[in-house]
Amino acid sequence: MSSVDRGRCLVLTTVVITLLGGLLFGVLPAASESIPFFTGAILAFCAVAALLYAMWRGQRWARWFLVAIYVVGLAFRLTLIVRAPHVLDIARATQQFVVALLLAAPPSVGAFLAAQRNPRADI
């Protein structure tokens, strides 16, 4: 498996984990809240989906912006866990850690994004 294919698998895994996590931890719990709160959760979900799409199209800035968002979110979530451990906070923190690690660490993700930016480079 080439580096670009590995990067594609990692980015696709990240997209799936992020969208499922956004639905499970953001949109579904907000459905029982007030309309403005639910609308905010939907808008946040759409913004993250737009960032994921930009990353899939090869935009490096979207990758690093998502990593920064998840690292800040993880730091916030860890303070909540230290104060009052809750299983949903731990699950969300795990999801944020995995996504940040999958996007930041492997060089194959960068190779995939470069291939997405310049798809005719292999020809």
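Here, every reference points to the structure presented above.
Residues numbered from 1 in each chain as written. Predicted model: local features only at pLDDT ≥ 70, side-chain atom pairs only at ≥ 80, totals over all residues. Heavy atoms only, no water.

Turning next to the environment of Ile69. Along the polypeptide, Ile69 turns up in helix α3 (residues 60-83). Residues Ile69 and Asp5, spaced 64 residues apart in sequence, show a C-alpha to C-alpha distance of 25 Å. (Helix = DSSP H or I, 4+ residues; strand = E, 2+ residues; numbered from the N terminus.)

A cluster of nonpolar residues, Leu12, Val16, Leu20, Leu23, Leu24 and Leu28, forms a patch on the protein surface that exposes about 550 Å² of accessible area. Take Leu28: it is sitting in helix α1 (residues 3-30). (Patch = residues over 30% accessible without salt bridge, like charges linked within 9 Å, V, L, I, M, F, W, Y side chains within 5 Å. Areas by Shrake-Rupley, 256 points an atom, 1.4 Å probe, with all protein chains shown as cover. Salt bridge = Lys/Arg side-chain N within 4 Å of Asp/Glu carboxyl O.)

A separate point is the pattern of salt bridges. All chains considered together, the criterion is met by 2 salt bridges. The partner of Asp5 in a salt bridge is Arg8, with the nearest N and O atoms 2.8 Å apart. You can see Asp5 and its partner Arg8 sitting in helix α1, 3 residues apart, about one turn around the helix. Given a relative accessible area of 33%, Arg8 falls into the partly exposed group. A salt bridge links Asp89 to Arg77; the nearest nitrogen and oxygen atoms lie 3.2 Å apart. Placement of Asp89 in helix α4 (residues 87-104) and of Arg77 in helix α3 is noted, with a sequence separation of 12 residues between them. (Buried < 20%, exposed > 50% of the residue type's maximum accessible area, 1.4 Å probe, protein only.)

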